[in-house]
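Tertiary structure, described
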Amino acid sequence: MAIESTSKILSINGQEVQITNPEKLYFSSQTKVTKLELVQYYLSVAPGALAGIQDRPIVLKRFVNGAEAAAFYQKRAPEKRPAWLRTVTLSFPSGRTAEEIVVDDTSGLAWIVNLGCIELHPHPVRSGDLDHPDELRIDLDPIPGVSWDDVRRVALEVQGFLDEVGLRGWPKTSGSRGMHVNVRIEPRWTFTEVRRAAVALSRAVERRAPTLASSKWWKEERHGVFLDYNQNAKDRTTCSAYSVRPLPDARVSTPLDWEEVADCNPADFTIFTVPERFAKIGHRHAEMDASPGSLEKLLELADKDEAAGIADAPWPPHFRKTEGEAARVMPSRAKSAAKKKAIKKLRVKMPLITVANSPDKAAALAGLERWKAKHADIASLLAVDDVLVDSMRGRSSTWTRIRINLRHVPEEQRPPQETPEPDDDPTRAWRERWKKRIPE
């Protein structure tokens, strides 16, 4: 088969890697970055980027039309792939399986970036043991309007708590508005046990900083910085170290020392600045594998919470309901009296309206601004955390839903639910077919 005239061949570790359409712009709004420049960035930080993905199955999050266009998730390895790329077969909570790519070296790294993988999404397991994670992942996710200072304060609370339970955390910017703290652990516990430890940690940090941190799963109940414990559930992935994020400035998820956390600015770490930083100081987390820790103290704390009557936290919606799990229903949708009675002590029904649905986040945010302009008197009464910007998972991509919590608006002044604008929920047709059991 003839090589396309627009492609470029790179020789990496003795392997030839074809970069198709190397001059195609992958970032074009605020900064200009071609596909080839993206590959060259990853090669410049390869020891650090590989440390986060090597020997791990990886989900391919592909931005085939660049960072400004919608991405899709590809779990299964492409049929057409080099013979030198490994795969492993993973099983999922649904019972299905998939053969996923495992990247071992820089040639594999360049190959997946060529597929449009702007960011890297490895599973927290090694290929030799797919049932026992070797990484506890702490994802600090601020709600809209929360400051970066608050994210850093919560990260430092996480550090303090980890020290108390004998674990070492390795912080990095998420590359967006939040921060990640990864903990290398001994691969002795199942996904369920690791998630249980993460729930206990999230609740403990919330107790330490109740005005800053939240362990609440439902977005309408959150405040400040949410500690997303469900990132430790099986089949969930987060972007790894040195991943480029699809933001206009080509920001990078950058490993830090704890001494850097108090003064760092995530906007300082981009595809243009991180290679120089890496060349000067190397990989900040190079010693992570040398100090795996134990989850025993966190699991003991989970036992204490359970003994005190604190139910398991909600799981992602596609997981089976577990024994001891609280009612898996959004507070604002608790309709029946029986449900209300069961969760009365834990939750209060919130007056929510949806103002925008769109696979284009910018279009959804523009719809929010139009709603605010139309209801200026109501918008002036809203608190920062009354605007809920939800990144919703579709069948193979994400979309944005924006809701308004009217709890601070007097009941007689609350506007009714109107047709959202825009109102483009890409899962609506599929959900309607599912309800009617009509095959696609």
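So, how was this worked out
Position numbers for residues count from 1 along each chain, tracking the sequence in the order it is written. Only residues with pLDDT of 70 or above have their local features reported here, since the model is predicted, and side-chain atom pairs are shown and tallied only from 80 upward, although totals for entire chains, interfaces and linings are computed over all residues. Hydrogen atoms and water are omitted, and side-chain values are computed over all heavy atoms in the structure. Helix numbering and strand numbering both begin at the N terminus, where a helix is a DSSP run of H or I of at least 4 residues and a strand a DSSP run of E of at least 2. Think of it in three bands: with a 1.4 Å probe and only protein chains considered, a residue is buried below 20% of the maximum accessible area for its type, exposed above 50%, and partly exposed in between. Here a polar contact is recorded for every N or O atom pair within 3.5 Å, except that within protein the pair must consist of a potential hydrogen donor and a potential acceptor, and residues adjacent in sequence are included only if both atoms are side-chain atoms. Note on contacts: a residue pair is in contact if any heavy atoms of the two residues lie within 4.5 Å. Per residue, pLDDT measures the predictor's confidence, with a range of 0 to 100. In this analysis, strands are considered paired if DSSP registers two or more bridges between them. For helices, the fitted axis covers only the stretch in contact; all axes are lines through C-alpha atoms, and the angles between them, taken along N-to-C directions, range from 0 to 180 degrees. Only the six-membered ring of Trp is used, alongside the rings of Phe and Tyr, when aromatic pairs are assigned; centres must lie within 6.5 Å, and planes under 30 degrees apart are stacked while those over 60 apart are edge-to-face, with the rest tilted. To estimate the expected span of a helix, count its residues, drop one, and scale the result by 1.5 Å. Think of a nonpolar core as a cluster: buried Ala, Val, Leu, Ile, Met, Phe, Trp, Tyr and Cys residues, connected wherever their side-chain atoms sit within 4.5 Å.

Mapped onto the secondary structure, Arg277 falls in helix α7 (residues 274-281). The exposure class assigned to Arg277 is buried, which follows from its relative accessible area of 18%. Side-chain polar atoms of Arg277 contact the side chain of Glu260, separated by 3.0 Å. When sequence neighbours within four positions are dropped, the list of residues in contact with Arg277 reads Thr254, Pro255, Leu256, Glu260, Phe269, Gly282 and Arg284.

In this section: the confidence of the model for the chain. In the predicted model, the chain carries a mean pLDDT of 89, and the fraction of residues at 70 or more is 89%. Contacts of residues 343-347 to residues separated by more than four positions or lying in other chains number 10 contacts, the stretch itself having pLDDT below 50.

For Gly169, the position within the fold is in the loop between α4 (148-164) and β11 (170-173). Accessibility expressed as a relative area gives 6% for Gly169, which makes it buried. For the pair Gly169 and Trp258, spaced 89 residues apart in the sequence, the C-alpha separation amounts to 8.8 Å. In this structure Gly169 touches Leu162, Val181, Asn182, Val183 and Trp258, once residues within four positions along its chain are discounted.

Strand order in the open sheet formed by three strands is β15-β17-β16, with antiparallel pairing between adjacent strands. Every other strand in the sheet has two partners, leaving β15 (352-358) and β16 (387-393) as the edge strands with one partner each. Neighbouring strand axes in the sheet, compared pairwise and without regard to direction, differ in orientation by 25° on average. The pairing of β16 with strand β17 (residues 398-405) spans seven bridges and is antiparallel. Within the sheet, the bridge partner assigned to Ser391 lies in β17 and is Thr400. Most of the contacts of helix α10 (residues 361-374) go to β17, to which it runs at about 15°, and overall it touches β15, β16 and β17.

Below, the discussion takes up the packing of aromatic side chains. One pass over the structure, following the stated rule, counts five aromatic pairs. Between Tyr41 and Tyr42, the ring centres sit 5.0 Å apart and the planes meet at 65°, which makes this aromatic pair edge-to-face. Summarising the burial analysis for this pair, Tyr41 and Tyr42 share the class buried. Aromatic pair Tyr242 and Phe278: ring centres 5.4 Å apart, planes at 90°, arrangement edge-to-face.

For helix α5 (residues 191-208), spanning 18 residues, the distance from its first C-alpha to its last is 26 Å, which sits close to the expected 26 Å at 1.5 Å a residue. The element α5 is extensively covered by neighbouring structure, given that 13 of its 18 residues are classed as buried.

Moving on: the nonpolar core. In a soluble, globular protein the nonpolar side chains are often hidden away together inside. One finds Leu109 and Leu295 to be the most contacted residues of the largest nonpolar core, which totals 87 residues. Setting aside its immediate chain neighbours within four residues, Leu295 contacts Leu136, Leu167, Ile185, Trp189, Val194 and Ala197. If you look at the next biggest cluster of nonpolar residues, it comprises 13 residues, including Leu368, Val387, Ile404 and Val409.

This next bit is on the side chain of Glu206. Following the sequence through the fold, Glu206 ends up in helix α5. On the basis of relative accessibility, which here comes to 12%, the residue Glu206 falls in the buried class. Polar side-chain contacts of Glu206 include one of 2.6 Å to the side chain of Ser215. What Glu206 contacts, discounting residues up to four positions off in sequence, is Ala213, Ser214, Ser215, Lys216 and His223.

The five strands are arranged β11-β12-β10-β14-β13 in an open sheet whose pairing can be described as mixed. Of all the strands in the sheet, just β11 and β13 (213-214) have a single pairing partner and so form its edges. Across four bridges, β11 lies against strand β12 (residues 179-184) in antiparallel orientation. Directly across from Pro171, in β12, lies its bridge partner Val181.

Moving on, we get to helix α3 (residues 106-114). Most of α3 is tucked away: nine of the nine residues are buried. Among the residues trailing α3, Gly116 stands out with phi positive, at a value near 105°.

Turning our attention to the pairing of strand β2 (residues 15-19). Bridge analysis of strand β1 (residues 8-12) against β2 gives five bridges, and the strand direction is antiparallel. Of the residues in β2, the one forming a bridge with Leu10 is Val17. What sits between β1 and β2 in their antiparallel hairpin is a turn of two residues, with Asn13 showing a positive phi close to 55°.

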